[in-house]
Amino acid sequence: MKMNRILITGAGLIAGLLLYVNASAQDEPNKWAPANIKVDGQATEWPKPLQFYNNVTKLFYTVANDKENIYVIVSVPDPQSQMKIMRSGITISLNPTGKKKGGAAVTFPVTENVSTGAPDVPEASRALIAGELKKQILANLKEIKVDGFDSIPNGNIPVRNTFGIQTAASYEASGNLVCELAIPLKMLGITSLTEQPIAYHFKVNAMKREDKKEMEAKRAKGQPAPMPGEYADHFALYYSADFWTRQTLATH
């Protein structure tokens, strides 16, 4: 009986911590961006661990800013979330009014038009080939998708664009997928470091039904696809996961 009470208490503490981590981002101030920040898909300059964790999307993340840009870094250890992001991207929206709807959105990485040239390979080589393909694809991305910006038409724009929007994604040695985003404050209509909370929407997009058909067809032929983020075919892969949070800009 005593052991049961200990287990229940321990479970309650863990649940409480997770609730705190998820809720603590509400109207918290951003971090001031690291002085040597570079949007390259590497988390080396960011303080560890990242500031927040969301259990719905299984993302670790930090939001920061300086006088010019808002920065978002996301670390993704979960294989299912990684696979969805590699296939359909993560969409990060920012609404300067603080309302948890709408806003300017950036979706990346956009991998649907990237050719891998992946051959069919034996089962023993599949994991190695998949790992190399992930790196290859992330290194050769050409476009990101934008929506809701006043001065940018909706749709795909180059990764190297004239609007100052920067994105990058890569895999750490630990296996975590890291995604970084920078958006100029002026592109959001923000002219000063005000105390007005900004609403952020993080959405791990669902894999497309076409992906499911492709994977099922290859498995039926005994040819498992050595594609980025390959993972067991689970129901949750075909549904998005998302959350909203609000944070205020850091002033120094």
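Let me begin by describing the structure that accompanies this report.

About the thresholds
- Residues numbered from 1 in each chain as written.
- Predicted model: local features only at pLDDT ≥ 70, side-chain atom pairs only at ≥ 80, totals over all residues.
- Heavy atoms only, no water.
- Buried < 20%, exposed > 50% of the residue type's maximum accessible area, 1.4 Å probe, protein only.
- Helix = DSSP H or I, 4+ residues; strand = E, 2+ residues; numbered from the N terminus.
- Pairing = 2+ DSSP bridges.
- Phe/Tyr/Trp six-rings, centres within 6.5 Å; stacked < 30°, edge-to-face > 60°.
- Lys NZ or Arg CZ within 6 Å of the ring centre and 35° of its normal.

**Considering the pairing of strand 4 (residues 59–65)**
(1) Moving on: Burial analysis of strand 4 places six of its seven residues in the buried class, which makes it a mostly covered element.
(2) Moving on: Direction of pairing for strand 2 (residues 31–32) relative to strand 4: parallel, over a ladder of two bridges. In the sheet register, W32 faces strand 4, and the bridge partner there is N65.
(3) Moving on: In terms of strand pairing, strand 3 (residues 52–54) meets strand 4 through three bridges, oriented antiparallel. By the bridge assignment, Y53 is partnered in strand 4 with F60.
(4) Moving on: Between strand 3 and the antiparallel strand that follows it, strand 4, lie four residues; K58 among them carries a positive phi value of about 60°.
(5) Moving on: For strand 4 and strand 5 (residues 69–76), the ladder comprises six bridges, and the chain directions are antiparallel. The residue bridging A64 from the neighbouring strand is Y71, located in strand 5.
(6) Moving on: Between strand 4 and strand 5, which pair antiparallel in sequence order, lie three residues.

**Remarks on the packing of aromatic side chains**
(1) Moving on: This model, assessed by the stated rule, comprises five aromatic pairs.
(2) Moving on: Their ring planes at 40° and their centres at 5.5 Å tell us that F52 and Y61 sit as a pair that is tilted.
(3) Moving on: Overall, Y61 belongs to the buried group, its relative accessible area being 2%.
(4) Moving on: Ring centres of Y61 and F202 lie 4.8 Å apart, and the angle between their planes is 45°; on these two criteria the pair is classed as tilted. Of this pair, Y61 sits in strand 4 while F202 is found in strand 12 (residues 198–204), placing the two residues 141 residues apart along the sequence. Residues Y61 and F202 agree in their burial class; the two are buried.
(5) Moving on: Within the aromatic cluster, the residues linked to one another by ring pairs are F52, Y61, F202 and F243.
(6) Moving on: Its end group placed over the ring of Y171, K134 keeps NZ or CZ at 4.3 Å from the ring centre.

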